[in-house]
Amino acid sequence: MEAFTLIHIPTHMNTFTNRAMYKKILAAIDGSVHTQKVLDTTIALAKAFDSSVEICHAICMPPMLPDLMGAEVAFMPQMIEDLEKNGKKIIEDARKYLENNGIKDISIFMDIANAANMILERIKSENFDLVVLGSRGLNEFEGFLMGSVSDKISHHAKCSVFIVR
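Rules and cut-offs
Residues numbered from 1 in each chain as written. Predicted model: local features only at pLDDT ≥ 70, side-chain atom pairs only at ≥ 80, totals over all residues. Heavy atoms only, no water. UniProt positions renumbered as here; feature names shortened; annotations may be inferred. Core = buried A, V, L, I, M, F, W, Y, C linked by side-chain atoms within 4.5 Å. Buried < 20%, exposed > 50% of the residue type's maximum accessible area, 1.4 Å probe, protein only. Helix = DSSP H or I, 4+ residues; strand = E, 2+ residues; numbered from the N terminus. Contact = heavy atoms within 4.5 Å. Phe/Tyr/Trp six-rings, centres within 6.5 Å; stacked < 30°, edge-to-face > 60°. Lys NZ or Arg CZ within 6 Å of the ring centre and 35° of its normal. Pairing = 2+ DSSP bridges. Right-handed = clockwise from strand over helix to strand, strands pointing away. Salt bridge = Lys/Arg side-chain N within 4 Å of Asp/Glu carboxyl O. Polar contact = N/O pair within 3.5 Å; in protein donor to acceptor, adjacent residues only side chain to side chain. Expected span 1.5 Å × (residues − 1).

The name that an unreviewed UniProt entry assigns to the chain is Nucleotide-binding universal stress protein, UspA family, with the source organism given as Thermodesulfobium acidiphilum. Per UniProt, the comment on the chain under Sequence similarities (unreviewed entry) is "Belongs to the universal stress protein A family."

Encoded structure:
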């Protein structure tokens, strides 16, 4: 009978390149009920793969509605300021949560943009290995009209996508 030696290959290593698979993780959050699940999943993955994490948040402007005269209603500066303030709180709370759970290499990115387009651009420009996001977000109406953010990301991202339900 032949003797076999069991070789242990850590699960966090890519057996073909012998390097960690997910060194850069993008956690896309929107402040919805899925945000906590996205952050918890990101923490587990970042610890398993010793990854850096970028927390990404898109400030989405509500659709423009026509006024009674048929012209589009302009956004008030206070509305934009309130959306930015809320976005900063969402992203800062997420950063603190990751830090409190042992993640040290954290960056943040926030912009006023279409969420799916912004996430795809971040993936491309920063060469992320993995994006973690929720299956549905705050804007269900926009998702119904234009397709959900997670659907668009899963079809167009050039990296792995982890959708949290």
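Here the focus is the nonpolar core. Ile25, Ile29, Val53, Ile55, Leu98, Ile103 and Val132 are the most contacted members of the largest nonpolar core, which totals 21 residues. Listing elements by their share of this core, those giving two or more residues are β3 (24–29), α1 (34–49), β4 (52–59), α2 (77–100) and β6 (130–134). Every residue in contact with Ile103, bar those within four places of it in the chain, is listed here: Ile43, Ala46, Lys47, Val53 and Leu98. Counting residues in each nonpolar core, the second largest holds 16 residues, with Ala115, Met118, Leu120 and Cys159 among its members.

Throughout the structure, instances matching the rule amount to one aromatic pair. Arranged with centres 4.9 Å apart and planes meeting at 90 degrees, the rings of Tyr22 and Phe49 form a pair that is edge-to-face. In this pair, Tyr22 sits in the loop between β2 (19–20) and β3 while Phe49 sits in helix α1, placing the two residues 27 residues apart along the sequence. Just as Tyr22 is buried, Phe49 falls in that class too. Between Arg122 and the ring centre of Phe109, over which it is positioned, the NZ or CZ distance is 3.8 Å.

Here we take up the pairing of β3. Where a strand is regular, its side chains alternate between the two sheet faces. Extensive coverage of β3 is indicated by the burial of five of its six residues. Across six bridges, β3 lies against β4 in parallel orientation. Note that in β4 the partner of Ala27 across the bridge is Ile55. On the question of chirality, the crossover connecting β3 to the parallel β4 by way of α1 is right-handed. In the sheet, β3 pairs with β6 via three bridges, with the strands oriented parallel. Bridge pairing in β6 links Ala27 to Val132.

This model, assessed by the stated rule, comprises six salt bridges. In this structure, Asp93 engages Lys89 in a salt bridge whose closest nitrogen and oxygen atoms are separated by 2.7 Å. Taken as a pair, Asp93 and Lys89 lie in helix α2 at a separation of four residues, close to a single helical turn. By relative accessible area, which is 37% here, Asp93 ends up partly exposed. Linking Glu99 and Arg95 is a salt bridge whose minimum nitrogen-to-oxygen distance equals 2.6 Å. Of this pair, Glu99 and Arg95 both sit in helix α2, four residues apart, roughly one helical turn. Residues joined in a network through salt bridges with shared partners are Glu54, Arg122 and Glu126.

Moving on to the side chain of Glu54. Along the chain, Glu54 falls in strand β4. Of the polar contacts made by the side chain of Glu54, one reaches the side chain of Arg122; its length is 2.7 Å. Among residues more than four places away in sequence, those in contact with Glu54 are Ile25, Leu26, Ala27, Ser107, Ile108, Phe109, Arg122 and Phe128.

Another aspect to go through is α1. Look at α1: 22 Å from first C-alpha to last across 16 residues, which is about the 22 Å you get at 1.5 Å a residue. What α1 keeps buried is the set His34, Thr35, Val38, Leu39, Thr41, Thr42, Ile43, Leu45, Ala46 and Phe49. Looking at the residues trailing α1, positive phi occurs at Asp50, about 55 degrees.

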